[in-house]
Amino acid sequence: MFCRLSSKKDATVHNPLDSSSSCPVLQYADDTLILLRGELADVRKLKHLLDQFSAATGLRINYHKSTAVPMHMREEDIPDCIAELGCRREGFPQTYLGLPLSCEKLRLSAFDPYVCKADRYLAGWQATLLNPMGRTVLINAVLDGHLSYIMSALPLPPGVVRQVDKRRRSFLWTGEGESNGANCLVAWDKVRCSKDQGGLGIKDLVVQNICLLLKLLHKLYTGMQSSWANWVRQHICLASLEGDMAGAHWEVMRDMLPLYQAITSVSIGNGKATAFWHDVWLGEESIAEKFQALYSHCNEPKQSVHTVISGGLRQLLVPRLTAVAAWELQEVNDILSGVALTDAEDRRSTPFAVADGGGALITSGLYKMIKSSRDQPQQMDNSFWRSCAPPRIQFFAWLVLHGRLQCKTNLFKKKIVDNVTCEVCGGAPETTEHLLFFCPFSATVWQRLGVQLGEDVTARDLLHLQRPESLPPAHFDTFVLLCCWQLWKRRNGFVFRQESMSLLQFMQNCKLDARAWSCRLPRRDMSVSDLWCSAFSLAM
């Protein structure tokens, strides 16, 4: 890469920013990135050094596989430099270590390789052979995982998030590359909620991206062994992230600084890396939160603790203060009089970091906090996720509690069917409650099993049915889900295959499932399935 700066020519390969230093070389495995001044003399010297290296080691340099990217050079100087090196000329963005590098804001096309990689994954999976919970595992483990690397370094544009979400949503609901509103049984915003909040736990890429970038920001403040962090600290003010760093990436980092300040606290040393108003360094609140009237009179809210204590707070405020602000100023000055700065560096800590709070940031807890603050709390019992039912049946229970089971009332709303009459009994609208509780066959099943149903029972009461004394209390929720799943399968067999299943056949199928599910119970509770089988036998 070349960068044009005016300076005197000499025999060294110059740093593009500092003529007294040699050019920087970034190397990882077989990827080498060299940045030098865009002058023909420096290019010739570099080519000479590379040829000497080739002659000394016997390693031949493939110049036709190398690229040169001019930056801020005169157009008439570029051809000579390219010809001297013998490599091809390219522009930005350039891929280095799997990341697109550019001196300007990245376009959506720069992220196409990551979207195409998701398409390759989807094309190789036999999605039609997987149930929705199996697809959910693949989404979280693979489709989200392959984006973690780039999200830890760059903010994903909203357009890229929409493209990836479109593929994740279609794969979940249809197993294909496309889907429509009729295929998506639950809103995508709810699906991306955690299971505690009524969702499936599929990652929200926007929140995940924020957490991973906060991890990068945390390294900037605490990574004393990081070469990148040490170099950046020489060019910016850590209290505000203002300085000789420009571009869309750093604008995003500055936008996230208030969130990072909210989750960290600072032990003051020299005060140069701590924001006086917005960091938590006195007590459990920031100065701006604790003294709001005084903060409203501040002209320069981005000053560091070192600047304020050294130069005084009054000069940073407007000339005239209200009575409340004047009183708060006196109180703050009294507090500052007891603060003594040292030569040590400021130390940050956070409950979201490993060890003593100064290690690497743990994004899992941070993700839960940010996600829960953005989502509306869901009034839904999610204990079925802790049941011993197979994941496919847990997904079925999730649809039931959300009221999104594909019964005829829901299909009628989507204009898929012409009427809502139950095809099994023909006597009432087929709602979720009718299908599982009040259809004559379903009511008979629950009566034979000794489960008493109230007249006002709803789908949300699925996990709170009254347990008969003949059934053990352990894993009763799993027993209920087993019965509901068999009722749903019987309905589908009647509608799609015209199968008329008797009560005897139904109870026999329940016994088969009870024996199959026994391996999912804890070893100490495996005898519970025998009691279930006895209950089904008595109900025949």
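Residues numbered from 1 in each chain as written. Predicted model: local features only at pLDDT ≥ 70, side-chain atom pairs only at ≥ 80, totals over all residues. Heavy atoms only, no water.

Points about helix α1 (residues 40-57)
Across its 18 residues, α1 extends 26 Å between first and last C-alpha, which sits within 8% of the 26 Å expected from 1.5 Å per residue. Residues D42, V43, L46 and K47 constitute the buried set of α1. The buried side chains of α1 occupy one side of the element, clustering within an arc of 135 degrees when seen end-on. Opposite the buried face of α1, by more than 90 degrees, sit the exposed residues A55 and A56. Phi turns positive, to about 80 degrees, at G58, one or two residues after α1. (Helix = DSSP H or I, 4+ residues; strand = E, 2+ residues; numbered from the N terminus. Expected span 1.5 Å × (residues − 1). Buried < 20%, exposed > 50% of the residue type's maximum accessible area, 1.4 Å probe, protein only. Arc of directions from axis to C-beta.)

Remarks on empty space enclosed by the protein
The rolling of a water-molecule-sized probe over the atoms marks out the regions of remaining empty space. Enumeration according to the criterion identifies one cavity of 30 Å³ or more in this entry. Quantified by volume, the largest cavity comes out at close to 50 Å³. In terms of lining, the largest cavity is formed by V424, L435, C439, F441, S442, L487, R490 and R491. Of all the secondary structure elements, the ones that give two or more residues to the lining of the largest cavity are α19 (440-449) and α20 (476-497). With three residues, α20 is the single largest residue contributor to the lining of the largest cavity. Considering only residue class, the lining of the largest cavity consists of five nonpolar, one polar and two charged. (1 Å grid on protein atoms, 1.4 Å probe; cavity = no way out; pocket = protein on both sides within 12 Å on 5 of 7 lines; lining within 4 Å. Points joined across faces, edges and corners; volume = space filled by probe spheres on them. Nonpolar A, V, L, I, M, F, W, Y, C, P; charged D, E, K, R; others polar.)

A look at the state of the cysteines
Throughout the structure, instances matching the rule amount to zero disulfides. Its sulfur unpaired, C510 is 5.1 Å from the next cysteine sulfur, which belongs to C483. (Disulfide = S-S within 2.5 Å.)

A short note on the packing of α19 against helix α21 (residues 503-517)
In the contact formed by α19 and α21, the axes pass within 11 Å of each other and the chain directions differ by 60 degrees. One element, α19, and the other, α21, form an angle in the oblique class. Taken as a pair, α19 and α21 cross one another with a handedness that is right-handed. Between α19, through F441, T444, V445, R448 and L449, and α21, the contact on the second element is made entirely by L503, F506 and M507. When grouped by side-chain class, the residues that make up the contact of α19 with α21 number six nonpolar, one polar and one charged. (Axes fitted to C-alpha atoms, helices over the stretch in contact; angles between N-to-C directions. Parallel < 35°, antiparallel > 145°, perpendicular 65-115°, else oblique. Left-handed = near helix turned anticlockwise from the far one by under 90°. Contact = heavy atoms within 4.5 Å.)

Some thoughts on helix α6 (residues 158-173)
A rise of 1.5 Å per residue sets the reference length of α6, with its 16 residues, at 22 Å; its end C-alpha atoms lie 22 Å apart and thus fit the reference within 8%. All buried positions along α6 are accounted for by G159, V160, V161, V164, D165, R167, R168, S170, F171, L172 and W173. The secondary structure elements touched by the buried residues of α6 are α3 (112-124), α4 (132-143), α5 (145-151), α7 (188-191), α8 (205-222) and α16 (391-402). Phi turns positive, to about 75 degrees, at G175, one or two residues after α6.

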